[in-house]
Structures are given as structure tokens and as C-alpha cells.
Amino acid sequence: MPKTNDNPFTRFRVVKSTPRIGAEILDIDLSHVDDALFSELHQAFLENQVLFFRDQKITREQQRALASRFGNLHVHPAAPHLEEDQAAFIIHTHKESKINNGGVWHTDVSCDREPPMATMLHLHVVPPLGGDTLFNSMYAAYEDLSDRMQKFLSGLVAVHDGEQVYRGRYSDRGVDDSDTEYPKSEHPIIRTHPETGRQSLYVNRIFTSHIKGMKPAESRALLAFLYDHAEQPAFQMRFKWSQNDIAFWDNRCVQHLAVWDYWPHERKGIRYTIKGDQPFHREA
Ligand code: SIN
């Protein structure tokens, strides 16, 4: 594939999903990723925030190897994992399920001091219709705020609390968390991406409990405004899954939401998350 200004990639084609976020990567086989292919994938990932790969018939070990190219794997603090692989998180919803995973806008495990930088989900079983995942650009959410609001938010820190999310959450899958202490961390509301240098909005409905240094009513009102602002359709895209598709998103600048509109059908796959660094804010 020739490299041109329009197409900076030689190993695959990129079809953007929307102007603000997302891209499908075409003509690619993820079963073996060499250094040159990895380097192009990494660039496409930073540019598009979430990548989609259709019909990848790769094994769990190959998915693990691919995710590991991006960094060390993260172990989820609450969810059950495979006995043979602590980093493998099985996403599974079926007719007995009472709740799906990630049904409210969030970034993965933002309660960790060093939240996972990226997540790779490979779905093996998809419902006949529905089960889409929505993705939302937090770069776009930040960039669309007024200069005054950007400045006001720049010094603020929010608390992200795992307790309110995880306590008892996986008891239906056999997890006894009576002795577990869930992570709680403070992160800047405006986060600077460590690789692109771009600013993004970093609060989410699941984990963020409050803003430090504000009265509860002020914190609630400001968070409510930020969530409403961030959830505008102009910053979003919606991915329709087929069997064996992979989505790979950057938790440092993307929120996502898994729609549960397919009960009693089954949806199943394997999710790996990659360790990240401690969020920071640096003035542009
Ligand atoms: C999640 O990782 O939050 C779930 C995403 C999905 O199942 O689409």
C-alpha cells in the first residue's frame, strides 16, 4: 500500500468512523504483528482514539500477545478472571444476567491510581441485533468548552471511588469481596495525554464521586453539567459488533457505554486492559 499524505499507513487502510472519534482498520490480520505493523497501529490508535478490526479469528493467546505489545497487562480489581490468566476479563451477558458490564458512560477503572491506558475487547458471541458499544471523545468534550471554563477546570481535582462501583458487583459470578479494599484515587479533571499532549475531560458517571474543595451541591452541579456536556452526540460514535470483531480504545481520552438492549440473547468475549500511568495535567 503506497504511503501518501492522505494515507500515512502502508500496512492497512483506515476508514474514519466520525470526524471526532473512531476508525475501522481494513486489510489487516492481527494474528501476527511485527514491529513495523505495531508502529503503524500505535500511530493510528493515537490519532483516532478507538480502533475497530473486523472478523479477527485470533486465539486468546494471540489477543494477549497483541495487547502486551502496547504495555504490561492490568489486572481488574473486582471482576472474575480466567484461572489460567489473571489479566483476562470475560465479558458475558446471557438470559440469567441481571446487569451488563459498562452500561453507563465511563472510562475503565478510573479509581486506580494508575488507571489502564487502553482496553482491547474481542467478542466471540454477539446477539442477533443490538449490543452496540458507544464511544465518546473526551478530547472533543474538552475542546468544545469555552476558554473560561477550560481555565476554571484546569486546577481542579476529582475523587474516583471504586467502592461505590464494585462492592458486591460480581457476587453473581462467585466473587466474595468481603475482605477486599477497592481503590480510590484523586485525578485532575483536565488530563493531559502523555503521548499526544492533548487535553481531555477526565470525570465519569460511574467512578467520580465528587470534586475536591467544593461544597457537595457545587460539586454535584458541576459534575452534572460536565456529564451532560460530554455526552453530546457530536462527540460520539456507535459501533455495531459482528462475531470476532475487536475494539481497542484509549481510556486516557475516551469514554464508552455498552448498550444492553438484547436480553435474553447472549454476548460474550475477552477483554484485556493495558496498564497506564498516573493522570496529570500540564498547561498547553
Ligand atoms: C466495558 O468494557 O465496559 C464493556 C464494553 C462492552 O461490552 O462493549
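Relevant structure appears above.
Note that the structure is a prediction, hence the values are computed from the model and not measured.

A.B. asks: Talk me through the side chain of Asp-177; I want residue IDs and the actual numbers.
C.D. replies: Looking at the element boundaries, Asp-177 is found in the loop between helix H5 (163-166) and strand S10 (184-188). Note on Asp-177: relative accessible area 9%, which makes it buried. A distance of 2.8 Å separates a polar atom in the side chain of Asp-177 from the backbone nitrogen of Gly-168. Not counting residues up to four positions away in its chain, the partners in contact with Asp-177 are Tyr-166, Arg-167, Gly-168 and Tyr-182.

A.B. asks: Run through helix H1 (residues 35-48), naming residues and quoting values.
C.D. replies: Owing to its 3.6 residues per turn, the α-helix brings residues three or four apart onto one side. Between its terminal C-alpha atoms H1 stretches 20 Å, which fits the 20 Å expected from 14 residues at 1.5 Å a residue. Among the residues of H1, Leu-37, Phe-38, Glu-40, Leu-41, Ala-44, Phe-45, Leu-46 and Asn-48 are the ones counted as buried. Where H1 is buried, its residues touch strand S1 (13-16), strand S2 (23-26), strand S3 (50-53), helix H2 (60-69), strand S7 (118-125) and strand S15 (246-250). Sitting at the amino-terminal end of H1 is Asp-34, which places a side-chain oxygen 3.2 Å from the backbone nitrogen of Ala-36.

A.B. asks: I'd like a description of the site of the ligand, backed by residues and values.
C.D. replies: Around the ligand, the neighbouring residues are Ile-91, Asn-101, Gly-102, His-106, Asp-108, Leu-121, Thr-133, Trp-249, His-256, Ala-258, Arg-267 and Arg-271. Here an oxygen atom of the ligand and a side-chain polar atom of Thr-133 are 2.6 Å apart. One of the side-chain nitrogen or oxygen atoms of His-256 is found 3.0 Å away from an oxygen atom of the ligand. Alone, the ligand offers 250 Å² of accessible surface; in the complex the protein occludes 100% of this. Contributing elements (two or more residues each) for the shell around the ligand: strand S16 (254-258) and strand S17 (267-274).

A.B. asks: Outline H2, listing residues and values.
C.D. replies: Taken together, the buried positions of H2 are occupied by Arg-60, Gln-63, Leu-66 and Ala-67. All buried residues of H2 lie within an arc of 125 degrees about the axis, which places them on one face of the element. Contacts from the buried residues of H2 go to strand S4 (73-74), strand S5 (81-82), strand S6 (85-93), S7 and S17. Phi turns positive, to about 155 degrees, at Gly-71, one or two residues after H2.

A.B. asks: Can you explain the packing of helix H4 (residues 147-154) against helix H6 (residues 216-230)? Please cite residues and give values.
C.D. replies: Interhelical geometry of H4 versus H6 gives an angle of 125 degrees and a closest axis separation of 14 Å. One element, H4, and the other, H6, form an angle in the oblique class. Between H4 and H6 the crossing geometry is left-handed. The segment H4 lies against H6, with Met-149, Phe-152 and Leu-153 engaging Leu-222, Phe-225 and Leu-226. Taken together, the residues of the contact of H4 with H6 break down into six nonpolar, no polar and no charged.

A.B. asks: Could you give an account of the sheet that holds strand S8 (residues 133-137), naming the residues involved and the relevant values?
C.D. replies: With respect to topology, three strands assemble into an open sheet ordered S14-S8-S16, the strand pairing being antiparallel. If you trace the sheet from one side to the other, it starts and ends with strand S14 (236-239) and S16, each paired once. The average angle at which neighbouring strand axes cross in this sheet is 20 degrees, direction not considered. Of the strand pairs in this sheet, S8 and S14 are connected by four bridges, and their pairing is antiparallel. Each residue of the ladder has a partner; that of Phe-135, found in S14, is Met-237.

A.B. asks: Tell me about the sheet that holds S10, residues and numbers included.
C.D. replies: Read from one edge of the open sheet, three strands run S10-S9-S13, paired in antiparallel fashion. Bordering the open sheet on either side are S10 and strand S13 (208-211), each of which pairs with just one other strand. On average, each strand axis in the sheet is tilted by 30 degrees relative to the strand beside it, whichever way the strands run. Bridging between strand S9 (residues 157-161) and S13 involves three bridges; their strand directions are antiparallel. Paired with Val-159 across the two strands is His-210, which belongs to S13.

Quick notes on the rules
- Residues numbered from 1 in each chain as written.
- Predicted model: local features only at pLDDT ≥ 70, side-chain atom pairs only at ≥ 80, totals over all residues.
- Heavy atoms only, no water.
- Helix = DSSP H or I, 4+ residues; strand = E, 2+ residues; numbered from the N terminus.
- Buried < 20%, exposed > 50% of the residue type's maximum accessible area, 1.4 Å probe, protein only.
- Polar contact = N/O pair within 3.5 Å; in protein donor to acceptor, adjacent residues only side chain to side chain.
- Contact = heavy atoms within 4.5 Å.
- Expected span 1.5 Å × (residues − 1).
- Near = heavy atom within 4 Å.
- Areas by Shrake-Rupley, 256 points an atom, 1.4 Å probe, with all protein chains shown as cover.
- Arc of directions from axis to C-beta.
- Axes fitted to C-alpha atoms, helices over the stretch in contact; angles between N-to-C directions.
- Parallel < 35°, antiparallel > 145°, perpendicular 65-115°, else oblique.
- Left-handed = near helix turned anticlockwise from the far one by under 90°.
- Nonpolar A, V, L, I, M, F, W, Y, C, P; charged D, E, K, R; others polar.
- Pairing = 2+ DSSP bridges.

These values are about where atoms sit, not about what they do.
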